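# Structural characterization, general
Okay, here's what each chain looks like letter by letter:
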Amino acid sequence: MNTPPTAKSYAVSLLAGRDYSRKQIQDKLVKKDYELADIEIALDECEASGYLNDSRYAESLLRSHIYKGHGVIRIRQAMSLKGLSSDIISQVIENSDCDWFELAKEKAIKKYADKPIVDYNDKAKRIRFLLGQGFDYEQANYALTINED
């Protein structure tokens, strides 16, 4: 007979494939009907062994989003949805050497190439696009002002 894996062995098997946040692993273990006490012990052991590290996961997530050209607002939201604490999110973003203004500029150039801004409505549309990508108004305006030259 096959016995079901322990909470720790299931968590380790998940983490062997890729990084997850503590909250994500906890949710997966809850779905598998493990006892809450066993889940906490398993998560603590995984953290002690270095298999589970929310800071490392947040750094990886940050790099991924920067590569996609997303701004701080969108990155913060994505990290929150993954169950990362606001302290870890703030720390990782502060330690980032990303120039958010330049990233917004690159995103605008990639999207609109060499098409000049025709009128107010066109500029408003471009600003909305950049805001949707997670940049604040100041960054979006900078990206488009540079692009107008």
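Quick summary incoming for the structure in this document. Everything numeric here is computed off the predicted structure, so don't read it as measured data. (Residues numbered from 1 in each chain as written. Predicted model: local features only at pLDDT ≥ 70, side-chain atom pairs only at ≥ 80, totals over all residues. Heavy atoms only, no water.)

## Considering the packing of helix H1 (residues 7–17) against helix H2 (residues 22–31)
Our working definition: An axis is simply a line fitted to the C-alpha atoms; with a helix, the fit covers only the stretch in contact. Between two such axes, the angle follows the N-to-C directions and lies from 0 to 180 degrees. Here a strand is any run of E in DSSP of at least two residues, a helix any run of H or I of at least four, and the numbering for each starts at the N terminus. Angles are sorted into four bins: roughly parallel if under 35 degrees, roughly antiparallel if over 145, roughly perpendicular if 65 to 115, and oblique for all others. With the far helix as reference, a near helix turned anticlockwise by less than a right angle produces a left-handed crossing, and one turned clockwise produces a right-handed crossing. Contacts are assigned to residue pairs that have any heavy atoms within 4.5 Å of one another. As a working rule, the residues Ala, Val, Leu, Ile, Met, Phe, Trp, Tyr, Cys and Pro are called nonpolar, Asp, Glu, Lys and Arg charged, and the rest polar, with Gly in that last group.
The contact between H1 and H2 brings their axes to 10 Å, and the two run at 130°. Relative to H2, H1 is oriented oblique. Two packed elements cross with a definite hand, and for H1 against H2 that hand is right-handed. Taken together, the residues of H2 that come into contact with H1 (itself represented by Ala7, Tyr10, Ala11, Leu14 and Leu15) are Ile25, Lys28 and Leu29. Among the residues making up the contact of H1 with H2, the classes are represented as 7 nonpolar, no polar and 1 charged.

## Some points on the packing of helix H4 (residues 54–68) against helix H6 (residues 86–95)
It is at 10 Å that the axes of H4 and H6 come closest, and there the two elements cross at 50°. The pairing of H4 with H6 is recorded here as oblique in orientation. Seen from above, H4 lies across H6 with right-handed handedness. In this structure, H4 uses Asp54, Ser55, Ala58, Glu59 and Leu62 to contact H6, whose residues at the interface are Ile88, Val92 and Ile93. Looking at the contact of H4 with H6 residue by residue, the class counts come to 5 nonpolar, 1 polar and 2 charged.

The values are spatial; any link to function lies outside them.
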